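Each chain, letter by letter, is given below.
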Amino acid sequence: MASTEVEYKSSSTPSPPAGVDYFEVDVILRFLLLAASVVALGVIVSSDQTELVLSQGMLVPQPAKFKYSPAFVYFVAAFSVSGLYALVSALASIAVIQKPEFKLKFLLHFIFWDALILGITASATGAAGSVAYIGLKGNSHVGWIKVCDVYDKFCRHLAGSIAVALFGSIVTVLLIWLSAFTIHSRVSK
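Small disclaimer: the values here were computed from a predicted structure and weren't measured.

A.B. asks: Would you mind going over helix α1 (residues 23–45) in detail, with residue names and values included?
C.D. replies: The terminal C-alpha atoms of α1, which comprises 23 residues, lie 33 Å apart, in line with the 33 Å expected from a rise of 1.5 Å per residue. Those residues of α1 that fall on the buried side of the exposure criterion are Phe23, Asp26, Val27, Leu29, Arg30, Leu33, Leu34, Ala36, Ser37, Ala40, Leu41 and Ile44.

A.B. asks: Account for helix α3 (residues 103–137), with residues named and values stated.
C.D. replies: Between the first and last C-alpha of α3 there are 48 Å, a value that for 35 residues agrees with the 51 Å anticipated at 1.5 Å per step. Immediately beyond the C-terminal end of α3, within one or two residues, lies glycine 138, with a positive phi of roughly 75°.

A.B. asks: An account of the packing of α3 against helix α4 (residues 152–186) is requested, with residue identities and associated values reported.
C.D. replies: In contact at an axis separation of 9 Å, α3 and α4 are set at 155° when each is read in the N-to-C sense. Between α3 and α4, the interaxial angle falls into the category roughly antiparallel. Between α3 and α4 the crossing geometry is left-handed. Counted by class, the contact of α3 with α4 contains 19 nonpolar, seven polar and three charged residues.

A.B. asks: Please set out the UniProt feature "transmembrane region" (unreviewed entry) in the protein residue by residue, giving values where relevant.
C.D. replies: Within this structure's numbering, the places UniProt gives as "transmembrane region" (unreviewed entry) are residues 27–45, 72–98, 110–136 and 157–180. Structurally, residues 110–136 comprises 100% helix and 0% strand, and the distance from its first C-alpha atom to its last is 37 Å. Helix makes up 100% of residues 157–180 and strand 0%, with an end-to-end C-alpha separation of 35 Å.

A.B. asks: I'd like a description of the pattern of salt bridges, backed by residues and values.
C.D. replies: Between side chains of opposite charge, a pair can form as their charged atoms come close. Applying the stated criterion to the full structure yields three salt bridges. For aspartate 26, the salt bridge goes to arginine 30, with nearest N and O atoms at 2.8 Å. Here aspartate 26 pairs with arginine 30, and both are found in helix α1, just four residues apart, close to one helical turn. We note that aspartate 26, like arginine 30, is buried. In this structure, aspartate 114 engages arginine 30 in a salt bridge whose closest nitrogen and oxygen atoms are separated by 2.9 Å. Taken together, the residues span a long stretch of sequence, with aspartate 114 in helix α3 and arginine 30 in helix α1 at a distance of 84 residues. Bridged by salt links that share partners, the residues Asp26, Arg30 and Asp114 form one connected network.

A.B. asks: Help me get a handle on the packing of α1 against α4, residues and values and all.
C.D. replies: Two elements in contact, α1 and α4, have axes separated by 8 Å at closest approach and are oriented at 160°. The angle between α1 and α4 falls in the class roughly antiparallel. Our pair here, α1 against α4, has a crossing hand that is left-handed. Taken together, the residues of the contact of α1 with α4 break down into 17 nonpolar, six polar and two charged.

A.B. asks: Break down the packing of aromatic side chains for me, with residues and values.
C.D. replies: Within the structure shown, the criterion is met by four aromatic pairs. Considering the side-chain rings of phenylalanine 72 and phenylalanine 154, the 6.3 Å spacing of their centres and the 75° angle between planes classify their relative orientation as edge-to-face. Linking phenylalanine 72 in helix α2 (residues 70–98) with phenylalanine 154 in helix α4, this pair joins segments that are 82 residues apart in sequence. Of the two residues, phenylalanine 72 and phenylalanine 154, neither departs from the other in class, the shared state being buried. With 4.8 Å between their ring centres and 40° between their planes, phenylalanine 75 and phenylalanine 79 make a pair best called tilted. Of this pair, phenylalanine 75 and phenylalanine 79 are both found in helix α2, four residues apart, which corresponds to roughly one turn of the helix. Accessibility assignment for this pair places phenylalanine 75 and phenylalanine 79 in one class, buried.

Criteria and thresholds
- Residues numbered from 1 in each chain as written.
- Predicted model: local features only at pLDDT ≥ 70, side-chain atom pairs only at ≥ 80, totals over all residues.
- Heavy atoms only, no water.
- Helix = DSSP H or I, 4+ residues; strand = E, 2+ residues; numbered from the N terminus.
- Expected span 1.5 Å × (residues − 1).
- Buried < 20%, exposed > 50% of the residue type's maximum accessible area, 1.4 Å probe, protein only.
- Axes fitted to C-alpha atoms, helices over the stretch in contact; angles between N-to-C directions.
- Parallel < 35°, antiparallel > 145°, perpendicular 65-115°, else oblique.
- Left-handed = near helix turned anticlockwise from the far one by under 90°.
- Nonpolar A, V, L, I, M, F, W, Y, C, P; charged D, E, K, R; others polar.
- UniProt positions renumbered as here; feature names shortened; annotations may be inferred.
- Salt bridge = Lys/Arg side-chain N within 4 Å of Asp/Glu carboxyl O.
- Phe/Tyr/Trp six-rings, centres within 6.5 Å; stacked < 30°, edge-to-face > 60°.

Below, the structure written as structure tokens:
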């Protein structure tokens, strides 16, 4: 006698496609962002320089410090937040490698937070860069003189810090693209 057993298929939804997994690259990029943030902070915070400047016929010691410009203070605050975020998100990314069932949810959160950090760091880099440019070139239309002729070390530190900050912004863009590509590869076609 023939068997009349019927196989029943599960009515649950099919599992999403495997997609690509670049969480190792994500961790590396997040540690690069952390390094860029720490280096940019270290360089700008150590940029203090004091020079003798002629004031009312006398040579007076005049310091140049990042804390004298709101744009540079904003830069320091923004990259402090960026460094902290890079550390926390790198640890979260490592945790996701160990527990892969949370990958998709974390990727979506990473995109949102990475975009926010990109906005903050890019605006801080632009603000600091514009003030540094005024210090380098001056502005004859409003009577602002060049200060980088006098405070050369200070300006070199600013330039280095802004260059590293631009690198950090590019790394953040790459993180957003990587997360978006990974989510896109998991969508059913």
